[in-house]
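# Reading the structure
Below, each chain spelled out in residue letters.
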Amino acid sequence: VEGTVVPGRLTWRVAGVREIRPETGRVKTLVLDVDGWPGHRAGQHVDIRLTAEDGYQAERSYSIASAPAGSLVELTVELIEDGEVSPYLTEELREGDAFEVRGPVGGYFVWDPSVGGRVLLVGGGSGVVPLAAMARQRAKDRDGVETRLLYSARTYDDIIYRTELDALGETHDGFDVVYTLTRSHPDGWTGYARRVDPELLADVAPADLARTYVCGPTPFVEAVASALVELGHDPATIRTERFGPTGGRDG
Ligand SMILES: Cc1cc2nc3c(=O)[nH]c(=O)nc-3n(C[C@H](O)[C@H](O)[C@H](O)COP(=O)(O)OP(=O)(O)OC[C@H]3O[C@@H](n4cnc5c(N)ncnc54)[C@H](O)[C@@H]3O)c2cc1C
């Protein structure tokens, strides 16, 4: 109805592209300045809407990569070669361009420092994005929650935010990172070199987890969540975010 006040998170807002930062060969971070951004919690996502000159529109969801910081919102997008939207965002978009965003969306897959125990973050591929937001929030607030990130990437060069994650892991404030590389690994690699499986999770997941956040392609999320339950972790402690209808692609 014309004149109706739409609640904030449902409003499409203009997002100006402040900066575009390459992360890996296939992944870029977009730093957006969002008009009237209401703020967000680590783990939430936005919907974005692109409008072509002929009026054609495409919408997709992207996790917010950054901890809350005024009107700035960072998204990290992986190029899916045969995709419609991600090639535009990673290859065509330029600083100074604008598109629309709506959000923040989601109140379930969010960082919660009051969880009262250890936390495990498990990410496959670009599924690390909302988990990185959580790690950034945690570091910024110095909330001291004992947190381990298990991050599955295809190769060493596909590890998004590697320098920053390694640095966070070296601060000895209760955060550490464990990588597994599923396709190839550098000479002398001493980390895991296979897909996340129940044995790997048994090694890496502390027994007394208060909460686990799992994010990535749907088959990755389902495999990890069921392995955790198989290992005896309480399903009520496991929160998941699925990135899409993908079969066969791994993290
Ligand atoms: C809540 C949520 C958060 C998300 N956060 C992120 C994020 O932080 N970063 C990010 O890069 N993506 C994220 N995604 C995925 C994103 O929404 C798009 O699905 C992705 O960018 C592909 O869009 P596309 O238009 O390029 O491909 P499409 O044109 O939609 O699809 C092209 C082909 O790629 C396959 N495909 C679609 N999505 C994926 C995928 N995620 N992985 C592999 N294959 C896929 C399709 O099945 C199809 O075969 C998120 C999705 C959801 C639901």
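Just above, that's the structure.
Below is a summary of the structure that appears in this document. (Residues numbered from 1 in each chain as written. Predicted model: local features only at pLDDT ≥ 70, side-chain atom pairs only at ≥ 80, totals over all residues. Heavy atoms only, no water.)

## Remarks on the overall build of the protein
For the protein, the count of helices and strands is 5 helices and 11 strands. Expected size for 251 residues packed as a compact globule is a radius of gyration near 18 Å; at 18 Å, the protein falls within 12% of this value. In the protein, which comprises 251 residues, the share counted as buried stands at 47%. Contacts in the protein between residues at least 24 apart in sequence constitute 71% of all its contacts with a sequence separation of at least 6. (Helix = DSSP H or I, 4+ residues; strand = E, 2+ residues; numbered from the N terminus. Rg over C-alpha atoms; globule rule 2.2 N^0.38 Å. Buried < 20%, exposed > 50% of the residue type's maximum accessible area, 1.4 Å probe, protein only. Contact = heavy atoms within 4.5 Å.)

## Details of the site of the ligand
In the region of the ligand, 23 residues are neighbours, and R60, S61, Y62, V85 and S86 sit closest. Here an oxygen atom of the ligand sits 2.9 Å away from a polar atom, N or O, in the side chain of R60. The backbone of E84 places a nitrogen or oxygen atom 2.9 Å from an oxygen atom of the ligand. Isolated, the ligand exposes 890 Å² of accessible area, and the fraction of that covered by the protein chains is 81%. Among the elements of the structure, β4 (57–63), β5 (72–78), α1 (86–92) and β11 (238–242) are those that each provide at least two residues to the shell around the ligand. If one sorts the elements of the shell around the ligand by residue count, β4 sits on top with 4 residues. (Near = heavy atom within 4 Å. Polar contact = N/O pair within 3.5 Å; in protein donor to acceptor, adjacent residues only side chain to side chain. Areas by Shrake-Rupley, 256 points an atom, 1.4 Å probe, with all protein chains shown as cover.)

## Here's the deal with the sheet that holds strand β6 (residues 98–105)
The antiparallel open sheet is built from 6 strands, whose spatial order is β4-β3-β6-β1-β2-β5. Strands with a single pairing partner mark the edges of an open sheet, and in this sheet they are β4 and β5. Across the sheet, the mean angle from the axis of one strand to that of its neighbour is 40 degrees, orientation sign disregarded. Across 4 bridges, strand β1 (residues 13–24) lies against β6 in antiparallel orientation. Each bridged residue has a counterpart across the sheet, and for V14 the counterpart in β6 is E100. (Pairing = 2+ DSSP bridges. Axes fitted to C-alpha atoms, helices over the stretch in contact; angles between N-to-C directions.)

## Some details on the nonpolar core
Core analysis: the largest hydrophobic core is formed by 29 residues, its most contacted members being W111, L121, M134, L149, Y151, Y161 and Y213. For this core, the elements supplying multiple residues, two or more each, are β7 (118–124), α2 (128–141), β8 (147–153), α3 (162–169), β9 (175–181) and β10 (209–216). Among the elements that make up this core, the one with the highest residue count is α2 (7 residues). Core analysis: the second largest hydrophobic core is formed by 21 residues, V17, V85, L89 and F99 among them. (Core = buried A, V, L, I, M, F, W, Y, C linked by side-chain atoms within 4.5 Å.)

## Considerations on the packing of aromatic side chains
The full count for this structure, using the stated rule, is 4 aromatic pairs. When the ring of F109 is compared with that of Y213, the centres are 5.4 Å apart and the planes differ by 85 degrees; the resulting orientation is edge-to-face. Linking F109 in the loop between β6 and β7 with Y213 in strand β10, this pair joins segments that are 104 residues apart in sequence. Here the two residues F109 and Y213 agree in accessibility, since each one is buried. Taking 5.9 Å as the distance between ring centres and 70 degrees as the angle between the ring planes, the aromatic pair formed by Y156 and W189 counts as edge-to-face. With a gap of 33 residues between them, Y156 in the loop between β8 and α3 and W189 in the loop between β9 and α4 (198–204) connect regions that are remote in the sequence. Relative accessible area serves as the criterion here: at 30%, Y156 is assigned to the partly exposed category. Three or more aromatic residues joined by ring pairs make a cluster, and in this case those are F109, W111 and Y213. Between the NZ or CZ atom of R136 and the centre of the ring of Y161, over which it lies, the distance is 4.7 Å. (Phe/Tyr/Trp six-rings, centres within 6.5 Å; stacked < 30°, edge-to-face > 60°. Lys NZ or Arg CZ within 6 Å of the ring centre and 35° of its normal.)

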